[in-house]
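Observations on chain architecture
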Amino acid sequence: MRTKIKNAFSSKINAIGLPILALCWVSFFWGTTWLASKEGVKHMPALQLAGIRQLIGGFLYVCFFLYKKTPWPKGKQWKAILILSILNFVLSNGLSTWGVKYISSGLGAIIGAIFPLWIVLITVFRGERIARLSILGLVVSFGGVCVIFYDHLADFIKPDFRFGIFLSLFSTVTWAYGTLYTRKKAASFNPYFSLGLQMVISSTILLAITGATGTGVSITAIPANSWWAIGYLTIIGSVLTFIAFIYALQNLPAHISSVYAYINPIVAVLLGALIFGEPLTFAIAIGGGITLCGLYLVNYSIRKARI
């Protein structure tokens, strides 16, 4: 009986394909990490939460690759790892985690998805030509964001809300720069090991900041809810989902592997409404849909330009 079940399960996986299953995992679970971050920062400083999460996740990665006797990076590879640590983890991940302390997890996820727009704008400011489709996508996405914020106009009088929006937006800018830097300076170094080292380096910086500013709380003062959030973010968000993401990226065409970026915000908005009772208004639904359509046009244009 056990053999039959195992064979049936294996045949089902083979029929769907492991890369597709990995993409489905990424699409859903990275959406849920916004809610875990929202829960965690209710009870502790956001930068400390991000630092502990990345420290544990990075430590697990590094220990595994040390056990496998993977060669350490050399020379200029360390420079790339350090820069990506700051852009992708200290700034992007740290600030986006801090942002959801003041705004809803769904809104944070929608803002987090717009980083391709910054890539287009950065390209324009560099003097490079961009396709008309990218410009159209930029305009459509901006219109969608305007629709989303229509319901939040009154919230802008609140300093905390404005601060949360600023943090979330700035985190997408740094992620865009990190993406561009990765394309330009990507080394042949093991991407998984590099990821672990980036997490360890960034966690050291984040925890040093919270310590130096006196904003951190004692480990014993962190409540159980935050520890559960850290555990979920570490195992699901930082380890398993990153492994699935890189695997999908390496084994699927770019236009398929990027689908997760459109599903993550939908998962975060729906679960945020169900679990936290966050508002799911007509403006958010329509505006979110318009924004994602615009992002699709931008991503499609970028992929087409590479062919």
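Our subject is the structure that appears above.
So, here is what we can say about the structure in this document. Fair warning: this is a prediction, and the values are worked out from it, not measured in the lab.

Further remarks concern the pattern of salt bridges. Pairs can form between side chains of opposite charge whenever their charged atoms are close. Applying the stated criterion across every chain, the model contains one salt bridge. When the shortest N-O distance is used, the salt bridge between glutamate 39 and lysine 42 registers 3.3 Å. Classification of lysine 42 by relative accessible area gives partly exposed; the value is 47%.

There is a patch of nonpolar side chains on the surface, built from Leu55, Ile56, Phe59, Leu60, Ile219, Trp227, Ile235 and Leu240 and spanning about 690 Å² of accessible area. Of all the secondary structure elements, the ones that give two or more residues to the nonpolar patch are α3 (46-67) and α10 (224-251). If one sorts the elements of the nonpolar patch by residue count, α3 sits on top with four residues. Relative to the assigned elements, leucine 55 resides in helix α3. Judged by relative accessible area, leucine 55 falls into the partly exposed class, the value being 37%.

This part is about helix α6 (residues 115-125). Where α6 is concerned, the buried positions are Phe115, Pro116, Leu117, Ile119, Val120, Ile122 and Thr123. Directly beyond the C-terminal end of α6, a positive phi value near 85° is found at glycine 127.

Our focus in this paragraph is the packing of aromatic side chains. Enumeration over the complete set of coordinates arrives at 12 aromatic pairs. Relative to phenylalanine 65, the ring of phenylalanine 64 lies with its centre 5.1 Å away and its plane at 80°, an arrangement referred to as edge-to-face.

Turning our eyes to something else, we now look at the packing of helix α5 (residues 105-112) against helix α12 (residues 260-275). Two numbers describe how α5 lies on α12: the axes approach to 8 Å, and their chain directions differ by 170°. In terms of axis orientation, α5 runs roughly antiparallel to α12. Listed contacts from α12 to Ser105, Gly106, Ala109 and Ile110 of α5 are Pro265, Ala268, Val269 and Gly272.

Attention shifts here to the nonpolar core. Among the nonpolar cores identified, the biggest contains 23 residues, and Tyr61, Leu195, Phe242, Phe245 and Tyr260 are the most heavily contacted of them. Looking at this core, the elements with two or more residues in it are α2 (18-40), α3, α4 (76-99), α9 (191-213), α10 and α12. Sorting elements by how many residues they give to this core places α10 first, with six residues. Setting aside its immediate chain neighbours within four residues, leucine 195 contacts Tyr61, Phe89, Phe242 and Ile246. In this structure, Ala36, Ala46, Ile222 and Leu233 belong to the second largest nonpolar core, which totals 14 residues.

Procedures and definitions
Residues numbered from 1 in each chain as written. Predicted model: local features only at pLDDT ≥ 70, side-chain atom pairs only at ≥ 80, totals over all residues. Heavy atoms only, no water. Salt bridge = Lys/Arg side-chain N within 4 Å of Asp/Glu carboxyl O. Buried < 20%, exposed > 50% of the residue type's maximum accessible area, 1.4 Å probe, protein only. Patch = residues over 30% accessible without salt bridge, like charges linked within 9 Å, V, L, I, M, F, W, Y side chains within 5 Å. Areas by Shrake-Rupley, 256 points an atom, 1.4 Å probe, with all protein chains shown as cover. Helix = DSSP H or I, 4+ residues; strand = E, 2+ residues; numbered from the N terminus. Phe/Tyr/Trp six-rings, centres within 6.5 Å; stacked < 30°, edge-to-face > 60°. Axes fitted to C-alpha atoms, helices over the stretch in contact; angles between N-to-C directions. Parallel < 35°, antiparallel > 145°, perpendicular 65-115°, else oblique. Contact = heavy atoms within 4.5 Å. Core = buried A, V, L, I, M, F, W, Y, C linked by side-chain atoms within 4.5 Å.

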